[in-house]
Amino acid sequence: MSGRTRPRLRRGLGTAIGGAALLLVTAACGNESGSGDRSPVAEGSSGDGGGTKAYAGAAAAVFAAVDKVHGTESVAITVQQTLAGGKGSSAQGAIRFGDAGGLRMTMATPQGTVKGMPAKIETLVTPAAMYMNMGSALAAETGGKTWLKMDFTAMGSLDKTGALAAVGELLNKSFGQQDPTSQLSLLKGSGDIAEVGKEDVEGRPTVHYKGTVDLAKAGQLGAEALGLSPKTLESLRSANEAIGATSSTIEVWIDAKTDLPVRQSVRTPTKVGEVGSTVDYRDWGTKVDVTPPPASATVDFQELIAKERGGAKAA
């Protein structure tokens, strides 16, 4: 590996990994499945009629969708993500829930990726690791191996900030324990949810709901309720503070016939601009292959970086 190639490869991999992490966390929705069922705020929001009756009706409909999803095992998804400044990423694939869950997606390379990276990257997440098929960009540097492996437990040793460890844990929890309804629990617990109206989404009749989540109040539910370690929750709080994020608007479109989510949108204002994502759901119960690629086609990210650093010192 030449000294000229190393920085380009490292920058390209860093951009691709960062883009994949953002998309995958978006797809998994970042909170424990069913946490809203245990939220004291959500339980208290049902009310006893009167002025809270309309809110209780909207919340009840969203709760019904969450319960319906808990009876499924997988779903096909399409993710569209918009970053501040208008840049964005997209991906499509399928997610499988539960302890043996995972996700397989094909991600369109985020705008601004270093030249030489593939236009589309196949990404696989298992409970233990994330794999990315980097194609010829990686094969040229690894003797033909195209898959890059990032072990969640080992990611924390790659930097001193704790950022990679937080991403690793978040991805690990997201795909080992969670489902796409997780953020809806925060929405219901926020005390602010209403029915927008009836709309067709890709030919399917749906009921549209909308609410606002106060991120500080959501954080007060605690790390255990959110399915995170205290360290990771604190990292996420710090990240929100750093970008000036205090609230998120969450919308969900629920199929009027099946009571299953069809689309979910999240928008978060920050001090550098609004960031947002939209996830479309289809084919509930679809088969998802989360078998890792063979070792002969895989290179470990840690080993790759170690070899690069060793080569740089030798040069």
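Predicted, not measured: the structure shown is a model, and the values here were computed from it.

The rules behind these values
Residues numbered from 1 in each chain as written. Predicted model: local features only at pLDDT ≥ 70, side-chain atom pairs only at ≥ 80, totals over all residues. Heavy atoms only, no water. Helix = DSSP H or I, 4+ residues; strand = E, 2+ residues; numbered from the N terminus. Contact = heavy atoms within 4.5 Å. Pairing = 2+ DSSP bridges. Axes fitted to C-alpha atoms, helices over the stretch in contact; angles between N-to-C directions. Salt bridge = Lys/Arg side-chain N within 4 Å of Asp/Glu carboxyl O. Buried < 20%, exposed > 50% of the residue type's maximum accessible area, 1.4 Å probe, protein only. Phe/Tyr/Trp six-rings, centres within 6.5 Å; stacked < 30°, edge-to-face > 60°.

1. Examining the environment of Ala76
And step 1. Turning to its location among the elements, Ala76 is positioned in strand β1 (residues 74–82).
And step 2. Taking the C-alpha atoms as reference points, Ala76 and Asp280, 204 residues apart in sequence, are found 8.3 Å from one another.
And step 3. Leaving out residues up to four positions away in the same chain, Ala76 has contacts with Gly93, Ala94, Asp280, Tyr281, Arg282, Asp283 and Thr286.

2. A look at the sheet that holds strand β10 (residues 261–270)
And step 1. Across the sheet, which stays open at both edges, the 12 strands sit in the order β7-β8-β9-β10-β11-β1-β2-β3-β4-β5-β6-β12 with mixed pairing between neighbours. A strand with exactly one partner marks an edge of an open sheet, and here the two such strands are β7 (193–201) and β12 (298–300). Adjacent strand axes in the sheet meet at a mean angle of 20°, parallel and antiparallel pairs treated alike.
And step 2. Bridging between β7 and strand β8 (residues 204–214) involves eight bridges; their strand directions are antiparallel. Counted as the bridge partner of Gly197 is His208 from β8.

3. Some words on the pattern of salt bridges
And step 1. Counting across every chain of the model gives six salt bridges.
And step 2. Residue Glu251 pairs with Arg267 through a salt bridge whose shortest N-O separation is 2.6 Å. Of the two residues, Glu251 is situated in strand β9 (residues 247–255) and Arg267 in strand β10; the sequence distance between them amounts to 16 residues.
And step 3. Its relative accessible area of 9% is what places Glu251 among the buried residues.

4. A short note on unusual backbone geometry
And step 1. Its identity as a non-glycine residue notwithstanding, Asp259 has a phi of 65°, on the positive side.
And step 2. Positionally, Asp259 belongs in the loop between β9 and β10.
And step 3. The exposure class of Asp259 is partly exposed, given its relative accessible area of 37%.

5. Re the pairing of β10
And step 1. Of all 10 residues making up β10, seven are buried, and the element is well covered by its neighbours.
And step 2. Here β10 folds back onto strand β11 (residues 273–282) in antiparallel fashion, the turn holding two residues.

6. What about the packing of aromatic side chains?
And step 1. Within this structure, the stated rule accounts for one aromatic pair.
And step 2. Taken together, a centroid distance of 5.7 Å and an interplanar angle of 35° make the contact between Tyr281 and Trp284 tilted.

7. Examining the pairing of β9
And step 1. In terms of residue burial, β9 counts as a mostly covered element, since eight of its nine residues are buried.
And step 2. Two elements, β9 and β10, share six bridges in a ladder whose sense is antiparallel. Along β10, the bridge assignment pairs Ile250 with Val266.
And step 3. A loop of five residues connects β9 with β10, the two strands running antiparallel in sequence, and Asp259 in this loop sits at a positive phi of about 65°.

Any functional reading would require information beyond the geometric quantities listed.
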